[in-house]
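Here is how the chains run, residue by residue.
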Protein chains: 2
Amino acid sequence: MSNAYAVIMAGGSGTRFWPASRQANPKQLLALAGDGRESLLAATVRRLAPLVPPERVYVATGAHLADATARELPEVPRAQILAEPVPRNTAPCIGWATAIVARGDPNALVAVLPSDHFIAREDEFRGVLARALAAAATGYLVTVGIVPTRPETGYGYIELGGEIAPGVRRAARFVEKPDRARAEAFVASKAHLWNAGMFFFRAGVMKEAIAKHLPELGAGLDAIDRAAREGGDEGAALARLFPGFPSISIDHGVMEKADKIAVVPGDFGWSDVGSWESAWELAEKDSRGNALPLGTIAVDAGNNLVRDLARAKRTVALVGVSDLVVVQTDDAVLVIPRDRAQDVRAVVEELKRRKEDELL
Amino acid sequence: MSNAYAVIMAGGSGTRFWPASRQANPKQLLALAGDGRESLLAATVRRLAPLVPPERVYVATGAHLADATARELPEVPRAQILAEPVPRNTAPCIGWATAIVARGDPNALVAVLPSDHFIAREDEFRGVLARALAAAATGYLVTVGIVPTRPETGYGYIELGGEIAPGVRRAARFVEKPDRARAEAFVASKAHLWNAGMFFFRAGVMKEAIAKHLPELGAGLDAIDRAAREGGDEGAALARLFPGFPSISIDHGVMEKADKIAVVPGDFGWSDVGSWESAWELAEKDSRGNALPLGTIAVDAGNNLVRDLARAKRTVALVGVSDLVVVQTDDAVLVIPRDRAQDVRAVVEELKRRKEDELL
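Bear in mind that the values here come from a model prediction, so they are computed numbers and not experimental data.

1. Thoughts on the relation of the copies chain A and chain B
Between chain A and chain B, which share one sequence, the superposing operator has a rotation angle of 180° and an axial displacement of 0.0 Å; the RMSD is 0.1 Å. The superposition of one copy onto the other is thereby described by a two-fold rotation axis. An overlap of 100% is found between the interface residues of chain A and their copies at the interface of chain B, pointing to a shared contact surface.

And the structure:
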């Protein structure tokens, strides 16, 4: 679509992939899926390209990640790497990026996408995106809802409403992370989808929705926009105003309150790659279920994930172990069972306690 | 004892401690017991010192290990680091070292000791050694037998004979590694001790025993000795003759055949440090049974051994794992359950198959 733009949200600083993920090298810059060579961010831009080419892609990230993000995406114009001075959740981020896109093309259709997810069936994904953009063109704020495959309690859900167009439904309600029983009921009902953090809208529609539901943010964004349009110093305005913006998600701040909200159901092998366990699930594995870098030695070992981010060659040898995650970098080695993968946070907490900042 | 000398056999090239042990850095050079700081070889010399000071210690090793061995033992005169041109088991090694000691002191008493064992109760150990040397002074070939603590099938045994002196028995028989049933019978009988590879003798007595039981070796050693005594080139004679020596142990070649063989029972917390499992047993451990280098992060982890031989700081983090061995060096990381520790040989075999010589 010739007036479709993408805003990729790449501000993450996840700790769940320590020691691979660091403050300066967060999850989206890691090659966590498939053959372990393409970063999640690079994959996001690549699979979008047939629908939205890189020259119409904007990437919002933190100031300290802007250079690394630009290096990872040489095909995206450097000026389209947007550096937020401080993190303020998704509403200020999306509002500011939308204003920038609208400056160049007031009729812009905008697709907002996370930078750190995995999608197995990319053709189906693009079909869903095209449908969501078409619905956005008619004035809706649109989201994509993932058809649930398990009663996940870690995601928000979207309750399906009536049909607007083939494959496009009203979003009846946004539901926060449910408890186990509700999650099971949601999956059984087939009337609830996972909220995957993807949003589609006309730039002007989002601008109006922010002005209405988050007026303080709307006014601040207008001030930044004026500074930019009038040849003023957008950077100075941004640095002055952005830190004062409310730290609120677009879901809470806008989507849950607005009227014309649509959802396009999607089923394209989505994963939010939430832990080393899910990295193992998504990895290419050998006949024994091991996902290993070339050169790894595995003797009587199965269903292990080994990841090697060290610059120097350092051979990992596994003997007689199964269902383990082993990750090495230049300065750390992690050994954790796959089913304990969430507990890697405890390591990060301990490093903070010890003030080992160079490992964070 | 003023005429007592020690010959420490430090020619090992064990693979059971990969990736710490390498061809150029074998087991005896590793700090495998206690606090992980003193090498087994350095401990051998240190605990011997009250009985045999370093200036009367000789160390027999391989030519490729001579420099590293000398660096590890600065207190031992460099000329007393004896480099065998090729490995030929213990009989040629002991024969040659004994000849060298005898050149300086024809009445020398010689204690031959392995370089890669651990001894918990050093005072008791020295008491046993003094008794063994006293028995050797009376013309016996003496060995120390370890009071068995389990029906080990990996060691040779010595059957006790009649008493020669208080705490000194005749060695009735040397028995090769037994099967499980025999090992259990040996332990139950209290008449069998472990052969720990320690030998004590008058230099002249050993020389005569070799001449009698291994005449070819005896003749070769005489030729080397003549070259040395007559101001000839001992090195050239050694290089010419040593490779042709029979590769035979002193146990098989001499001890099992000679007549006046004595054994001194010892019970001083001995271990041959045979695997990473036994390194864990001997290590200083925290309240959760973990033996960890400073800086290691352990969350909900117990009974693990971590060893770090890397030059650069690289933090190991264990989460939710128990009974594991994790060893890192500059070029390798091993993860293996403690009870599979013997299988580290499989890694070495695989590395040989892959011709990864730099890791061997």
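2. A closer look at the pattern of salt bridges
All names here are of chain A. In this structure the tally under the stated criterion is 50 salt bridges over all chains. Its salt-bridge partner being Arg-46, residue Glu-38 comes within 2.6 Å of it at the nearest N-O pair. Residue classification places Glu-38 among the partly exposed positions, given a relative accessible area of 30%.

3. What to know about helix α1 (residues 40–48) of chain A
Residue and element names in this part refer to chain A. The element α1 is largely enclosed, with a buried count of eight among its nine residues. Along α1, the residues that are buried comprise Leu-40, Leu-41, Ala-42, Ala-43, Thr-44, Val-45, Arg-47 and Leu-48. As for α1, its buried residues are in contact with β1 (4–9), β2 (57–62), α2 (66–72), β4 (109–114), β5 (118–119) and α4 (122–137).

4. Section: the packing of helix α3 (residues 90–104) of chain B against helix α7 (residues 215–229) of chain B
Residue and element names in this part refer to chain B. Axis separation between α3 and α7 bottoms out at 10 Å; the angle between their running directions is 35°. Between α3 and α7 lies a crossing of right-handed hand. Of the residues in α7, those touching α3 at Ala-91, Pro-92, Gly-95, Trp-96, Ala-99, Ala-102 and Arg-103 are Leu-217, Leu-221, Ile-224, Asp-225, Ala-228 and Arg-229.

5. Here's the deal with the sheet that holds strand β14 (residues 315–319) of chain A
Pairing is mixed in the open sheet, where five strands are placed in the order β12(A)-β14(A)-β16(B)-β15(B)-β13(B). This sheet does not close on itself; its edge strands, each paired only once, are β12 (297–299) of chain A together with β13 (305–308) of chain B. If you compare each strand with its neighbour and ignore which way they point, the axes differ by 5° on average. Of the pairings in the sheet, the one linking strand β15 (residues 324–328) of chain B to strand β16 (residues 332–337) of chain B comprises five bridges and is antiparallel in character. Looking at β16(B), one finds that B:Gln328 is bridged to B:Val333.

6. Let's talk about the interface of chain A and chain B
How big an interface is tends to be expressed through the accessible area that disappears when the partners come together. Across the boundary between the two partners, chain A contributes 37 residues, which contact 37 residues of chain B. In total, about 2700 Å² of surface goes out of reach between chain A and chain B, with carbon and sulfur atoms giving 60% of it. Three residues stand out in chain A for area buried against chain B, namely A:Val319, A:Val333 and A:Val335, and they jointly supply 22% of the buried area on that side. Here chain A and chain B share six salt bridges between them. Our enumeration of links across chain A and chain B arrives at 21 residue pairs in polar contact (both at pLDDT 80 or more). Where the side of chain A that touches chain B is concerned, the elements lending two or more residues are β12, β14, β15 (324–328), β16 (332–337) and α11 (344–353) of chain A. Here the side of chain A that touches chain B gets six residues from one element, more than from any other, and that element is β16(A). Residues of the side of chain A that touches chain B, tallied by class, amount to 20 nonpolar, six polar and 11 charged. Of the strand pairs in this sheet, β14(A) and β16(B) are connected by four bridges, and their pairing is parallel. Each residue of the ladder has a partner; that of A:Ala317, found in β16(B), is B:Leu334.

7. Observations concerning unusual backbone geometry
Residue and element names in this part refer to chain A. For the peptide bond that leads from Trp-18 to Pro-19, omega is 5°, which places it in the cis range. For Pro-19, the position within the fold is in the loop between β1 and α1. Its identity is not glycine, yet Lys-190 carries a phi of approximately 55°, on the positive side. Here Lys-190 lies in the loop between α5 (180–189) and β9 (192–202). Residue classification places Lys-190 among the exposed residues on the basis of a relative accessible area of 71%.

The rules we used
- Residues numbered from 1 in each chain as written.
- Chains lettered and ligands numbered in written order.
- Predicted model: local features only at pLDDT ≥ 70, side-chain atom pairs only at ≥ 80, totals over all residues.
- Heavy atoms only, no water.
- Least-squares fit on C-alpha atoms with pLDDT ≥ 70 in both.
- Contact = heavy atoms within 4.5 Å.
- Salt bridge = Lys/Arg side-chain N within 4 Å of Asp/Glu carboxyl O.
- Buried < 20%, exposed > 50% of the residue type's maximum accessible area, 1.4 Å probe, protein only.
- Helix = DSSP H or I, 4+ residues; strand = E, 2+ residues; numbered from the N terminus.
- Axes fitted to C-alpha atoms, helices over the stretch in contact; angles between N-to-C directions.
- Left-handed = near helix turned anticlockwise from the far one by under 90°.
- Pairing = 2+ DSSP bridges.
- Buried area = accessible area lost by both parts, 1.4 Å probe.
- Polar contact = N/O pair within 3.5 Å; in protein donor to acceptor, adjacent residues only side chain to side chain.
- Nonpolar A, V, L, I, M, F, W, Y, C, P; charged D, E, K, R; others polar.

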